[in-house]
Amino acid sequence: MAGLSPRVTGTLAIAMTKEQQAEVGTTAQQAKRRYKREWVKFATPCREREDNSKRNPIAKITSDFQESQKIIYQISGMGIDQPPFGIFVVDPNTGDINITSIVDREQTPSFLITCRALNVQGQDVEKPLLLTVKILDVNDNAPVFSQSIFEGEIEENSPSNTLVMVLNVTDADEPNHLNSKIAFKIIAQEPTGTPMFLISRNGGEILTLTNALDREQISSYHLIVSGTDQDGAGLSTQCECNVKVKDVNDNFPQLKHSQYSAYVEENTLNSDVLRFQVTDWDEEYSENWVAVYFFTSGNEGNWFEIQTDPRTNEGILKVVKALDYEQAQSMNFSFAVKNKAEFHQSVIPQYQIRPTTVTIQVVDVKEGISLHPTPKTFTVPKGTDIKKLTDYVLGTYEVTDEDTGKPAPSVRYAMGRNDGGLLSIDSKTGQIKFVKNIDQDSAFIVNKTITTEIIAVDENTGRTSTGTVYVEIPDFKENCPPVVLQKKEICSSSPSVVVSVETLERDRPAGSYTFSLKEEPVKLPVTWHITTLSATSARLRAQQQLSSRMYRVPLIVTGNQDRQCESSESLVLMVCQCDNRGICRSKKNPQILRQKPLSRVGPIAVGLLLFGLLLLLLAPLLLLTCDCQRSSKRGLSGGFIPVPDGSEGTLHQWGIEGAQPEDKELINICVPPLTTANGLDVMEPCGE
């Protein structure tokens, strides 16, 4: 195999080798084995943007089969039959590969050519080999910044070497080559003066050069930066950088004056008493500039507020709770100011709270009336029957004269809000009472409370005052089952009876109950005592011997555990004289009478009623048969004789004089019992 001595003009030459395995010859006579051998020599590198034809042939391919037969050489691939076309050609007889056009490394950094050796029948006598032709780079591309203008920001007072931004730049020349190595430099800074920034030579990072950035002095900087390849010796390009200096809270707000004063009328609210002007050099309308006013002393009653005007940053003093001249003629308080944002760490040690004093002179005015207290709470006592609240008096709501502090005269009361119309107030005395009963599921009871409003009007000045009234209602309880007797005879010598509770619900247990005597405002003539016998019964006993008469005993039954109920029983007890067998001598069984006794009408009474109705029907017939005219023979004219005025037969209107009758409770009344004999009801006479 013939050898080639290629001419290498670049810094790098690529050698192509072919490894061929031993194979049997193509003819029967060839018995000798063939081993690895080269049939392609080196390819000369080509420089971009230059005429490389003077270096032809850049490579040569040779097969040792050409000694015994005709060999035709062919090439294919990029620059031949693939884009870009027509860059390389081969001499089919000699195998010389020549370059015919100028190449661009940025478009095609290298070419990969497939080399073949064919016999006259077009068959490969060698295994195809790949030949790489490298294109050498020249510095024909300047650096390119990703942006023409870069934007960045940095806080004022930042320490030196603080990163501001990183510039992004590219170079189309060969990577990791001197032609693409870029050096950065800050060419200009505006405003001019002390340089405030530096840039890393090869990294493109812009850093602070000093810690003296002050937004209040210079709020932004404009930089011009260059980037030059070949490490500063080649092609160059420029970009602009805008650096904004961010504000930090490094300036304390300063009040214009050290003290203030104002006049305020009592009992009035004022939304603009004073305005406090403040100066802050930080960025306007930022949290570093917005002032926050706070009290340091003197406003323990929360009479005042200071709000910040968002437009001017002034503090607006407001009276939010009415002042009272009678309590204080002047008031002093102190306040201070800070910013909404926290102070920067560079100035925190220097901050001190400096209170500013404000004096408020309270102006006396003619005051009106007021309801005290407001709200006022009334409580319905526990045990009160909510179904008997009509005319129940809760109490009185008094009005005070604010000037004198005494009850106000000439006041008229009226109801304001009165949902459901449950309450009323006396227009002169201010006495509040119920006018309706309430139900357990009333929509006007919220959280066991009725809410209403009272209006008081000063009849002299016409001024009004409104107060809120809360009426607390006790827990609702259902009525307990009725009380029944287990013993029907009560003797005056041993006056006691067993009372018990019986439920009407068969599927519900009777439960547990407590019996007690109700306290009466008027002392009863007899002292009673009650003793519990079981969960549903108790013994009622008089403490002394009783005379034969009726007695009323007020009893309260209260349910326990799961049976929450409460009811009052007013029992009427008949006591009689008994014989030695314990039986009433009048043969009348003592009974417990309810307040609503039952009444019956017997056959005799029914007969009397029918007889009376019959007489009423016969009366008109009797009148028709009566001769009301006298005979003319007697010398009398016919018809009725008129009665003269003033005669004894004249009807007069009589007045009833004396005191009106009074209703009185008769406690010793004999109620004769009804007995049945032979199918008839017989009323027995009273007696012992």
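Note: the structure precedes this text.
The notes below deal with the structure included here. (Residues numbered from 1 in each chain as written. Predicted model: local features only at pLDDT ≥ 70, side-chain atom pairs only at ≥ 80, totals over all residues. Heavy atoms only, no water.)

Glancing now at the environment of Val471. Checked against the element boundaries, Val471 lands in strand β34 (residues 464-472). Between the C-alpha atom of Val471 and that of Phe378, which follows or precedes it by 93 residues, the distance is 4.8 Å. Residue contacts for Val471: discarding those within four places in its chain leaves Phe378, Val380, Leu394, Leu423, Phe434, Lys448, Thr449 and Ile450. (Helix = DSSP H or I, 4+ residues; strand = E, 2+ residues; numbered from the N terminus. Contact = heavy atoms within 4.5 Å.)

So, about the pattern of salt bridges. In total, this model carries 18 salt bridges according to the counting rule given. The salt bridge involving Arg47 is made with Glu50; its shortest N-O contact spans 3.5 Å. Salt-bridge contacts for Arg215 lead to Glu216; the nearest nitrogen and oxygen are separated by 3.3 Å. By relative accessible area, which is 16% here, Arg215 ends up buried. Members of the salt-bridge network, linked through shared partners, are Asp272, Arg275, Asp309 and Glu314. (Salt bridge = Lys/Arg side-chain N within 4 Å of Asp/Glu carboxyl O. Buried < 20%, exposed > 50% of the residue type's maximum accessible area, 1.4 Å probe, protein only.)

Pairing within the open sheet is antiparallel, and its 3 strands lie in the order β10-β14-β13. Since the sheet does not close on itself, it has two edges, and those belong to β10 (163-166) and β13 (197-199), each with one partner. Each strand of the sheet is rotated relative to its neighbour by a mean of 20°, with strand direction disregarded. As paired elements, β13 and strand β14 (residues 205-208) share 3 bridges and run antiparallel to each other. The partner of Leu198 across the bridge, within β14, is Leu207. (Pairing = 2+ DSSP bridges. Axes fitted to C-alpha atoms, helices over the stretch in contact; angles between N-to-C directions.)

This part covers the packing of aromatic side chains. By the definition in use, this model includes 15 aromatic pairs. On the basis of an interplanar angle of 45° and a centroid distance of 6.5 Å, the ring pair of Tyr260 and Phe335 is categorised as tilted. Here the residue Tyr260 occupies a position in strand β18 (residues 259-265), and Phe335 occupies one in strand β24 (residues 330-339), the gap between them amounting to 75 residues. Of the residues examined, Tyr260 reaches a relative accessible area of 11% and is grouped as buried. A relative accessible area of 0% means that Phe335 is categorised as buried. Between the aromatic rings of Phe295 and Phe333, the centroid separation amounts to 5.3 Å while the plane-to-plane angle is 65°, which identifies the pairing as edge-to-face. (Phe/Tyr/Trp six-rings, centres within 6.5 Å; stacked < 30°, edge-to-face > 60°.)

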